[in-house]
Amino acid sequence: QGIGYDPVKKILIIPVSDSYYVSRTIEGKQYYNSPGSSAITNEHLLDQKDPVFIVEGAIDALSIIEAGGKAIALNSANNYKKLLEAVKRREHTPTLILSLDNDEAGNTTSQAAEEALQKEKRSYVIMGTSGTFKDPNERLQNDRAGLEADIEAAIERAYIVETEDKDKTERE
């Protein structure tokens with residue numbers, strides 16, 4: 001499943017699953033999703049050990065990947081419950097790095113996800129990668145070095161939190 005491009009509509013087409021895709025205009029930020037139930041992008045990353053960034057859009061996930069991280073896209077701030085369902089289906093998950101958009105929806109979703117992850121006793125950190133920009137994609141376009149540095153710092157922090165959480169669990 002590779003990324004597609006429709007030259008007539010000037011949109012990128014990003015496959016999420018066998019039955020769901022997201023697409024986005026290359027000029028502006030208009031998203032068009034396939035009909036049916038939405039899905040999160042790169043859910044399989046919950047099955048490996050390295051820290052994983054949680055971002056809102058598929059383009060943001062691609063931006064994090066381009067700059068050196070691993071990322072899952074919610075494909076809407078409202079989809080954080082789908083992420084939580086996926087986390088609950090697994091006995092162990094990597095440390096999640098919540099790095100949602102620099103706006104009200106992103107902040108609200110980060111808070112809700114934080115509460116749910118605490119309840120599930122999962123390792124996570126909240127570390128924005130957008131800097132002064134709206135999202136990781138805008139940051140990549142305008143400040144790649146800053147995004148790369150923030151990704152590196154977030155991954156280092158995630159490993160520290162993971163170690164602290166393991167130590168805490170062993171003492172309980």
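Residues numbered from 1 in each chain as written. Predicted model: local features only at pLDDT ≥ 70, side-chain atom pairs only at ≥ 80, totals over all residues. Heavy atoms only, no water.

Colleague: Just to check I follow, could you spell out the environment of I54 for this structure?
Modeller: For I54, the position within the fold is in strand β5 (residues 52-55). With relative accessibility at 1%, the residue I54 sits in the buried group. The spacing of I54 and E152 is 98 residues in sequence and 15 Å in space, taken between C-alpha atoms. Ignoring any residue separated from it by four or fewer positions in sequence, one finds I54 in contact with I72, L74, L83, L96, I97, L98, S99 and L100. (Helix = DSSP H or I, 4+ residues; strand = E, 2+ residues; numbered from the N terminus. Buried < 20%, exposed > 50% of the residue type's maximum accessible area, 1.4 Å probe, protein only. Contact = heavy atoms within 4.5 Å.)

Colleague: Any chance you could explain the nonpolar core here in plain terms?
Modeller: One broad trend across soluble globular proteins is that nonpolar side chains are buried collectively. Core analysis: the biggest nonpolar cluster contains 23 residues, and V22, F53, I64, I97, L147 and I151 have the highest contact counts within it. Among the elements of the structure, β2 (11-17), β3 (20-25), β5, α1 (58-66), β6 (71-73) and α5 (144-171) are those that each provide at least two residues to this core. If one sorts the elements of this core by residue count, α5 sits on top with six residues. Apart from residues no more than four positions distant in its own chain, V22 is found in contact with L12, I13, I14, V16, Y32, N33, A58 and N75. Of all hydrophobic cores here, the second largest spans 19 residues; its members include I54, Y80, V87 and A116. (Core = buried A, V, L, I, M, F, W, Y, C linked by side-chain atoms within 4.5 Å.)

Colleague: Sorry if this is basic, but what is going on with the sheet that holds strand β1 (residues 4-6) here?
Modeller: Strand pairing in a sheet takes place through backbone hydrogen bonds and is either antiparallel or parallel in direction. Pairing in this open sheet of four strands is antiparallel, and the strands run β1-β2-β3-β4 from one edge to the other. A single partner strand is all that each edge strand has here, and the edge strands are β1 and β4 (31-33). Shown here is a sheet whose adjacent strand axes are inclined to one another by a mean of 25 degrees, direction ignored. In the sheet, β3 pairs with β4 via three bridges, with the strands oriented antiparallel. Bridge pairing in β4 links R24 to Y31. Across the sheet, α1 touches β2, β3 and β4, and the angle it forms with β2 is around 85 degrees. (Pairing = 2+ DSSP bridges. Axes fitted to C-alpha atoms, helices over the stretch in contact; angles between N-to-C directions.)

Colleague: What is the right way to look at the pattern of salt bridges in this model?
Modeller: Where charged atoms from two side chains of opposite charge come close, those side chains can pair. The full count for this structure, using the stated rule, is twelve salt bridges. Between D47 and R90 there is a salt bridge, with the nearest N and O atoms lying 2.6 Å from each other. Taken as a pair, D47 in the loop between β4 and β5 and R90 in the loop between α2 (80-88) and β7 (96-98) lie far apart in primary sequence, 43 residues in all. A salt bridge links K134 to D101; the nearest nitrogen and oxygen atoms lie 2.7 Å apart. Residue K134 is found in the loop between β8 (124-126) and α4 (136-142), and its partner D101 is found in the loop between β7 and α3 (104-119); the two are separated by 33 residues along the sequence. (Salt bridge = Lys/Arg side-chain N within 4 Å of Asp/Glu carboxyl O.)

Colleague: What is the right way to read the layout of surface pockets from this model?
Modeller: Empty space among the atoms can be located by rolling a probe the size of a water molecule over them. Its boundaries defined by the atoms lining it, the largest pocket holds a volume of some 770 Å³. In terms of lining, the largest pocket is formed by 22 residues, of which the most central are K121, R122, S123, D165 and T169. Elements with a contribution of two residues or more to the lining of the largest pocket: α3 and α5. No other element matches α5, which puts five residues into the lining of the largest pocket. (1 Å grid on protein atoms, 1.4 Å probe; cavity = no way out; pocket = protein on both sides within 12 Å on 5 of 7 lines; lining within 4 Å. Points joined across faces, edges and corners; volume = space filled by probe spheres on them.)

Colleague: Help me out: how do you make sense of a nonpolar patch on the surface in this one?
Modeller: A grouping of I3, L62 and I65 is seen on the molecular surface, where their side chains present a nonpolar patch of about 240 Å² in accessible area. In this fold, I65 is placed in helix α1. Residue classification places I65 among the partly exposed positions, given a relative accessible area of 38%. (Patch = residues over 30% accessible without salt bridge, like charges linked within 9 Å, V, L, I, M, F, W, Y side chains within 5 Å. Areas by Shrake-Rupley, 256 points an atom, 1.4 Å probe, with all protein chains shown as cover.)

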